[in-house]
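This is what each chain is made of:
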Amino acid sequence: MKLLIKNKKLREEIPYELFSLFINTVMIIDLLRIIVGNVNALEIVRNGIYVFTAMYVIYHAIGHKHLSVLMAFSMGYAFLAAFSLLRNDGITEVVLSGSMIFVTRCLAAFYLAYYLPINECFFKKMKKYYVILFLYCFVYITTHTSGIYATDGSYMTFSYNILIMTLVCLLNCVEKPTPLRTLGVVVLLGIIVAYGARGPLICIVISLLLFLWYKFASFSVGKKIILFCFCIGGGSGLFMVRNTIIDILLRFNPSSRTLYLLKNFKIDNLSGRNTYYDLLRTEINKNWFLPHGIYSDRLILSGGGMSSNVDLSQYYAHNLPIEVMYQFGGFIGVLVLIFLIVKIIKSYIIVIKQNNHKLAIVYCAFFSGITTLFFSSSYLINERAWLVFGIVFSAGKVVNQKNIVQKCRLRQ
């Protein structure tokens, strides 16, 4: 009997073990890359993890009778990819490369976030990566001290790699603060500010505000007033001492581009993204109903000279609304965005009503994936964004299941 219970528990934990590994793969691989160098074996290991995850997702879908959903999702993507290939000359290589990423990362991320309920098992598996998180930070900041942050781009990769884990630590600390958690969060935030990019900072602020609003909704009127005053006072205090904090952090990393922009009130500098925005807006305005196909923004932004590795990592819209409207056409694109906004709002309301702290922490931590899409990355290659989409749509699924159960009870 004990053996049966142990085996059942093991089967229940395997998906969460893989889920937590999937979330932290980029961090682990980059840590190994810093230690052993940029060797081809690491690319094989990384891709192997993603392919194995995708294969497990198929196995899980078959075993739990979710294969129809997975197939419908895949067929929808295949249709969009085929349309783009027919619509655009010279885009084949990028579509093929992007499709591999989408299937093994984005689709897998959506499935895991959609079907695996957030519980204590998930947090237990994620805790295993705290040691790797701080080791990665230590190794990175001790090996990148030569003032190259504005040119090599590693500071951006680094800060995005630790973003979800940092948010889980931060929101856990807000939910239940302890001296050790507080120290860890202060260290992580200091590292991201001093050694990271602006994007993750914006993601952290928005995710934190979402979580505070979740907490705010469950408070009494008196507690709401106190929390509001505390947030205003704390924000004002940080603003007044911001130069002192920045100067301290600059001693650790004088070459930090983020600290320079913060100190000189240039945090909203678009770093050339406005050129992409203007070009794509002009094309959208030429014909609001004309769809160009997925990945098509890569074609126009690269000037037609397509190279899959470059165009997937550099030439994309850097803005979700513009990317969607260009690829699907202005009219359909707006409808897609409205649908997505409605789903996000509804799912957030459901999370608040459920009053499940663990779900709220993960929801707000994953939300950084959507925030990122408004100034960096693309929904077609960013698995963090599909973690959000998965958990957003899963919230509606929970409500529908509850409604079905209630109807069955009423009929009985």
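Residues numbered from 1 in each chain as written. Predicted model: local features only at pLDDT ≥ 70, side-chain atom pairs only at ≥ 80, totals over all residues. Heavy atoms only, no water.

Participant: So what exactly am I meant to see when it comes to the overall build of the protein chain here?
Facilitator: On a plain count of helices and strands, the protein chain comes out with 22 helices and zero strands. The 412 residues of the protein chain split such that 47% are buried. Sequence-distant contacts in the protein chain: of pairs separated by 6 or more residues, those separated by 24 or more amount to 76%. (Helix = DSSP H or I, 4+ residues; strand = E, 2+ residues; numbered from the N terminus. Buried < 20%, exposed > 50% of the residue type's maximum accessible area, 1.4 Å probe, protein only. Contact = heavy atoms within 4.5 Å.)

Participant: Sorry, what's going on with the confidence of the model for the protein chain here?
Facilitator: For the protein chain, the average pLDDT comes to 84, and 87% of its residues sit at 70 or higher. Mean pLDDT across the elements of the protein chain bottoms out in helix α7 (residues 149-152) (47) and peaks in helix α18 (residues 320-328) (95). Every residue in residues 146-151 scores below 50 in pLDDT, and together they form nine contacts with partners more than four places removed in sequence or on other chains. Low confidence marks residues 399-412, where pLDDT is under 50. Its contacts with residues over four positions away, or in another chain, come to two contacts. (pLDDT = per-residue confidence, 0-100.)

Participant: Sorry if this is basic, but what is going on with helix α9 (residues 163-175) here?
Facilitator: Given 3.6 residues to a turn, an α-helix orients residues that are three or four positions apart in the same direction. Its 13 residues give α9 an end-to-end C-alpha distance of 18 Å, which sits within 8% of 18 Å, the value for a rise of 1.5 Å per residue. For α9, the buried fraction is high: eleven of the 13 residues fall into the buried class. Looking only at α9, the buried set comprises Leu163, Ile164, Met165, Thr166, Leu167, Val168, Cys169, Leu170, Leu171, Asn172 and Cys173. (Expected span 1.5 Å × (residues − 1).)

Participant: In this structure, what is going on with the UniProt feature "transmembrane region" (unreviewed entry) in the protein chain? I would like to understand it.
Facilitator: Those places that UniProt annotates as "transmembrane region" (unreviewed entry) correspond, in this numbering, to residues 21-38, 98-117, 129-149, 186-213, 225-250, 324-345 and 360-381. Secondary structure across residues 186-213 divides into 93% helix and 0% strand, with the first and last C-alpha atoms of the span separated by 21 Å. Counted over residues 324-345, helix gives 95% and strand 0%. Its end C-alpha atoms are 19 Å apart. (UniProt positions renumbered as here; feature names shortened; annotations may be inferred.)

Participant: Is there a simple way to think about the nonpolar core in this case?
Facilitator: Side chains that are nonpolar tend, in soluble globular proteins, to be buried together. By size, the foremost hydrophobic cluster in this structure holds 109 residues, and its most contacted members are Phe19, Phe122, Tyr295, Tyr363, Phe366, Tyr379 and Trp386. Top contributing element to this core by residue count: helix α4 (residues 92-115), with 13 residues. Every residue in contact with Trp386, bar those within four places of it in the chain, is listed here: Phe73, Phe102, Cys106, Ala109, Phe110 and Tyr379. (Core = buried A, V, L, I, M, F, W, Y, C linked by side-chain atoms within 4.5 Å.)

Participant: Hey, could you run me through the environment of Val205 in this one?
Facilitator: Here Val205 is to be found in helix α11 (residues 198-217). Separated by 38 residues in the primary sequence, Val205 and Leu167 have C-alpha atoms spaced 9.8 Å apart.

Participant: Honestly, the packing of α9 against α11 in this entry has me stumped. Any pointers?
Facilitator: Helix packing for two helices is described by the angle between their axes and how far apart those axes are. At a minimum axis distance of 11 Å, the contact between α9 and α11 shows a crossing angle of 30°. Of the possible angle classes, the one that applies to α9 and α11 is roughly parallel. Where α9 crosses over α11, the two elements pack in a sense that is right-handed. On α11, the residues that touch Leu163, Thr166, Leu167, Leu170, Leu171, Val174 and Glu175 of α9 are Pro200, Cys203, Ile204, Ser207, Leu208, Phe211, Leu212 and Lys215. Here the contact of α9 with α11 is composed, by residue class, of eleven nonpolar, two polar and two charged. (Axes fitted to C-alpha atoms, helices over the stretch in contact; angles between N-to-C directions. Parallel < 35°, antiparallel > 145°, perpendicular 65-115°, else oblique. Left-handed = near helix turned anticlockwise from the far one by under 90°. Nonpolar A, V, L, I, M, F, W, Y, C, P; charged D, E, K, R; others polar.)

Participant: So what exactly am I meant to see when it comes to a nonpolar patch on the surface here?
Facilitator: On the surface, Trp288, Phe289, Phe331, Ile332, Leu335, Val336, Ile338 and Val342 cluster together into a nonpolar patch covering about 740 Å² of accessible area. By secondary structure assignment, the location of Trp288 is in the loop between α15 (273-286) and α16 (296-301). (Patch = residues over 30% accessible without salt bridge, like charges linked within 9 Å, V, L, I, M, F, W, Y side chains within 5 Å. Areas by Shrake-Rupley, 256 points an atom, 1.4 Å probe, with all protein chains shown as cover. Salt bridge = Lys/Arg side-chain N within 4 Å of Asp/Glu carboxyl O.)

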